[in-house]
Amino acid sequence: MAKRTSLQGFWSSRLAFILAVTGSAVGLGNIWKFPYVTGEYGGGAFVLMYLAFVFIIGLPTMMSEILIGRRGRRNPVTTMQLVGEEESGRSAWKYVGLMGVCGGILILSYYSVVAGWAVAYIPKAASGAFVGSDAATVKSLFNTLTGDPWALLGWHSLFMGLTVFVVARGVERGLEQAVRILMPALVIMLVILLVYSIRHGDFMAAVNYMFRPNWDDISFEGALVALGQALFTLSVGMGAVMAYGAYLPEETNIGTAAITVVLADTTIAILAGLVIFPVVFGFGMAAGGGPGLIFQTLPLAFGGMPGGVVFGTVFFVLLSFAAWTSAIGLIEPAVAWANEQFSVPRSKATLAIGGLIWLIGVLSVLSFNVLKDEKYHTPLGTLFDTIEFITSNVMLPLGALLIVIFAGWVMCRNSTSDELKMGSGLRYDMWRFAARYIAPIAVIAVFLHSLGLLSRFTNG
Ligand code: PHE
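Residues numbered from 1 in each chain as written. Predicted model: local features only at pLDDT ≥ 70, side-chain atom pairs only at ≥ 80, totals over all residues. Heavy atoms only, no water.

A. Structural detail: the side chain of Gln 296. Of note, Gln 296 is situated in helix α13 (residues 293-304). Assessed through its relative accessible area of 12%, Gln 296 is described here as buried. Beyond its immediate sequence surroundings of up to four residues, Gln 296 is in contact with Val 138, Lys 139, Phe 142 and Met 285. (Helix = DSSP H or I, 4+ residues; strand = E, 2+ residues; numbered from the N terminus. Buried < 20%, exposed > 50% of the residue type's maximum accessible area, 1.4 Å probe, protein only. Contact = heavy atoms within 4.5 Å.)

Here it is in structure tokens:
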């Protein structure tokens, strides 16, 4: 079979690909979401489940997405359709790609609003708004921002504008270059913050909280949210990595690339937790503070450290960049799809999809003010909470499940071993075993558990 070639161009090197996937993986998921869901779902047991899911489900799913993407060389919808036809004669697999496209659009709709908070915090930090502040003032600073729909709308619009701007031009060197410098800078900033947290926060309380599992703390939702977080933070389950895989040169070793990304992403999440929680406990704040957690803890740290104005500004700049490189991964499947399927030029496709995402994002903007009231809530909380929960904890696990089943069961052994280029050694067998059995069984078990179905058996 003649190999297809990508319609959107190729990454210039293996490093470029690793940087792009890392850029998409490392984002608000690591620094904003990981600490706040850990806090909401009780600490240690949640963190251990998250780590287990990263390695037994996230990693094999990431490898599967890359290999399917490179095989198909198209946007996730067409890729799933073509590879589905070739491997099994069924084109209905395209719906898995379509669900990913929709998932990316929905995730970015609220992701952009939170990224807007990070951008809004740049001028706040630079103007010294955090200096000498206490827990009450940083809290009211945050509530003033989220309580103002026009301000939120402005920051959300700015962030979407920035995303559309880069994506419309095609994912070029500019972005690769940015990730190359910004990611290491982000890690350095986290280490500087870590020093502050160790000295001024309650570091041991944080370590105990994060790593000593208290299994009684786990609510029935906890396992599901840990799974959702593992997939969200790695950007898998919705086709972002599949889309990036389509632009990957033939020779690159997929396994090494995936492991590198997973380790980098996990390290950054753990570091973020070790920065946030010492401050939470040291300053008597609540770990379950919800989506505002980092915006109420980090300013305290910056406000109290020497050079905090500079460090704070740099940090929120880096966080905004990390969110930006992730936003690109969220929108890419939809843009590539519109471009290839309907022959809309890339720039127009980006503008149209960006506009749609912006509009849906208005719901999240209003969730914090105009529609904050109980009477506008769904059973899952505000509209923001609802979109977040359904995308991360239902759509991503379902997407990941179908993707590993496709790679493990539908694709024949020759095709996958050909793409993974691992020969037929142990490493290939391990991937295949994980994709066929471990990952699907784990996802299904978590789904059943969260529906309360497994407890019927375990409780006799
Ligand atoms: N992984 C990103 C983060 O942690 C979010 C994301 C999800 C990006 C899915 C792309 C695709 O912030």
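What follows continues from the structure just given.
B. Looking closely at empty space enclosed by the protein. Under the definition given, this model contains 4 cavities of 30 Å³ or more. Estimated volume of the largest cavity: approximately 150 Å³. Those elements giving two or more residues to the lining of the largest cavity turn out to be α1 (14-25), α2 (28-40), α5 (94-126), α10 (222-234) and α14 (308-341). In terms of residue class, the lining of the largest cavity is made up of 11 nonpolar, 8 polar and no charged. (1 Å grid on protein atoms, 1.4 Å probe; cavity = no way out; pocket = protein on both sides within 12 Å on 5 of 7 lines; lining within 4 Å. Points joined across faces, edges and corners; volume = space filled by probe spheres on them. Nonpolar A, V, L, I, M, F, W, Y, C, P; charged D, E, K, R; others polar.)

C. Looking closely at a nonpolar patch on the surface. A cluster of nonpolar residues, Phe 55, Ile 56, Ile 259, Leu 263, Trp 409, Phe 433, Tyr 437, Ile 438 and Ile 441, forms a patch on the protein surface that exposes about 810 Å² of accessible area. For the nonpolar patch, the secondary structure elements donating two or more residues are α3 (44-72), α12 (254-282) and α18 (426-450). Residue contributions to the nonpolar patch peak at 4 residues, all from α18. Looking at where Trp 409 falls in the secondary structure, it is placed in helix α16 (residues 383-410). (Patch = residues over 30% accessible without salt bridge, like charges linked within 9 Å, V, L, I, M, F, W, Y side chains within 5 Å. Areas by Shrake-Rupley, 256 points an atom, 1.4 Å probe, with all protein chains shown as cover. Salt bridge = Lys/Arg side-chain N within 4 Å of Asp/Glu carboxyl O.)

D. Fine view of the site of the ligand. Near the ligand there are 14 residues, and of these Ala 25, Gly 29, Tyr 111, Phe 232 and Ser 235 occur at the shortest range. The separation between a nitrogen atom of the ligand and a polar main-chain atom of Ser 24 is 3.2 Å. One of the side-chain N or O atoms of Asn 30 is found 3.4 Å from an oxygen atom in the ligand. In this structure the site holding the ligand corresponds to the largest cavity. Sorting the residues of the shell around the ligand by element identifies α1, α2, α10 and α14 as the ones contributing at least two each. In terms of residue count, α2 provides more of the shell around the ligand than any other element does, 3 residues in total. Taken together, the residues of the shell around the ligand break down into 7 nonpolar, 7 polar and no charged. (Near = heavy atom within 4 Å. Polar contact = N/O pair within 3.5 Å; in protein donor to acceptor, adjacent residues only side chain to side chain. Sits in = over half its atoms within 2 Å of the grid points.)

E. Up close: the pattern of salt bridges. What the rule picks out here adds up to 8 salt bridges. Where Arg 413 meets Asp 429, a salt bridge forms, and the shortest distance between an N and an O atom there is 3.0 Å. Here Arg 413, found in helix α17 (residues 413-420), pairs with Asp 429, found in helix α18; they are 16 residues apart in sequence, far enough to count as distant. The class for Asp 429 is partly exposed, based on a relative accessible area of 33%. What you see here is one network of salt bridges that share partners, running through Arg 70, Arg 71, Asp 418 and Glu 419.

F. Up close: the packing of aromatic side chains. Within this structure, the stated rule accounts for 31 aromatic pairs. Centroid distance Tyr 41 to Phe 46: 6.0 Å. Interplanar angle 20°. Geometry classified as stacked. Grouping residues by exposure puts Tyr 41 and Phe 46 together as buried. Ring geometry for Phe 302 versus Phe 315: centroids 5.7 Å apart, planes at 45°, classification tilted. Of the two residues, Phe 302 sits in helix α13 while Phe 315 sits in helix α14, which places them 13 residues apart along the sequence. Side by side, Phe 302 and Phe 315 carry an identical accessibility label, which is buried. The ring of Phe 232 has Lys 33 lying over it, and the distance from NZ or CZ to the ring centre is 4.2 Å. The ring centre of Trp 409 lies 3.8 Å from the NZ or CZ of Arg 436, which sits over that ring. (Phe/Tyr/Trp six-rings, centres within 6.5 Å; stacked < 30°, edge-to-face > 60°. Lys NZ or Arg CZ within 6 Å of the ring centre and 35° of its normal.)

G. Layout of α12. Along its 29 residues, α12 runs 43 Å from first to last C-alpha, staying within 8% of the 42 Å computed at 1.5 Å per residue. Most of α12 sits out of view: 21 of its 29 residues are buried. Between the side-chain oxygen at the start of α12 and the backbone nitrogen of Gly 255 there is a gap of 2.9 Å, and the oxygen is on Asn 253. Gly 284 lies just past α12 and shows a positive phi near 60°. (Expected span 1.5 Å × (residues − 1).)

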